[in-house]
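Understanding the architecture of this molecule
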Amino acid sequence: MIFKTTFQTGFCDINKDKKITDRAILKYLEECSGRHSDTVKNGVADIIDDGITWVLLSWNLKVLNRPSYNSELTVYTYISRTTKLYVYRDFEVYAGNTLVAVAESVWILVATKTMRPVRLSDDLIVPYNPESGRSAFDFPDTGLKESETYDKVIDYYIRKTDI
């Protein structure tokens, strides 16, 4: 099942160039995930009483175009695959008919008392009607190729404050 919701970019979602930030996009994706889970009765309000909750493990975001302030964004999400412990959720973000971002995320169900992973049951996954074989990263090649040489290369050392 593909779930769809819309958002309006606000003042707190843009940078100095009046373009949406990565953080804002990720916020919309997380909100869309929650709304999707709410529709199948697996949202935070539904499962917290059972002593379990969803935890986001990782993101992979590719921004193709940055919409500006006050743009209406349509976010599509679906479960692309599952394992015994992990749910892989993909996203497509559109501004009008233009694909502006794609993302994939990995989620795990955790017992709130023990903070240990919980195996995913069919009862939990079936309502999402996973879109097996589909991936948000399956989009046409833009024709852009990575450069073989670079004019400037710098070494970047990760500091403790970066983490």
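Each chain has its residues counted from 1, following the order in which its sequence is written. Thresholds applied to this predicted model are a pLDDT of at least 70 for local features of residues and 80 or more for the giving and counting of side-chain atom pairs; totals over whole chains, interfaces and linings are not thresholded and use all residues. Computation of side-chain values: all heavy atoms of the structure, hydrogens and water removed.

Some remarks on the overall build of the chain
A run of DSSP states H or I qualifies as a helix once it reaches four residues; a run of E qualifies as a strand once it reaches two. Both are numbered from the N-terminal end. Looking only at helices and strands, the chain has 3 helices and 5 strands in total. In sequence order, the secondary structure elements of the chain are arranged as β-α-α-β-β-β-β-α. For the chain, the residues scored as buried account for 33% of the 163 residues in total. Pairs of residues are marked as contacts when any of their non-hydrogen atoms sit within 4.5 Å. Taking contacts inside the chain between residues at least 6 apart in sequence as the whole, the part at least 24 apart equals 68%. Accessible surface, the chain: about 10,900 Å² in total, of which carbon and sulfur atoms supply 51%. Exposure categories follow from relative accessible area, calculated using a 1.4 Å probe and restricted to protein chains: below 20% of the type maximum is buried, above 50% is exposed, and the middle band is partly exposed. Reported accessibility uses the Shrake-Rupley method at a 1.4 Å probe radius. Residues are deemed covered only where the shown protein chains occlude them.

Things to note about the side chain of Thr5
With respect to the helices and strands, the residue Thr5 is situated in strand β1 (residues 3-8). What makes Thr5 buried here is its relative accessible area of 9%. Here Thr5 is in contact with Cys32, Arg35, Leu73, Thr74 and Val75, once residues within four sequence places are set aside.

Comments concerning the sheet that holds strand β5 (residues 98-111)
Pairing within the open sheet is antiparallel, and its 5 strands lie in the order β1-β3-β4-β5-β2. Each of the sheet's edge strands pairs with one partner strand only, and the pair in question is β1 and β2 (52-63). Shown here is a sheet whose adjacent strand axes are inclined to one another by a mean of 25°, direction ignored. Pairing between strands is defined by DSSP: at least two bridges between the two strands are required. Taken together, the 10 bridges between strand β4 (residues 86-95) and β5 define a ladder with antiparallel strand orientation. Its bridge partner being in β5, Glu92 is matched across the sheet by Val102. Most of the contacts of helix α1 (residues 22-39) go to β1, to which it runs at about 140°, and overall it touches β1, β2, β3 (72-82), β4 and β5. Only the stretch in contact is used when a helix axis is fitted, and all axes are lines through C-alpha atoms; the angle between N-to-C directions ranges over 0 to 180 degrees.

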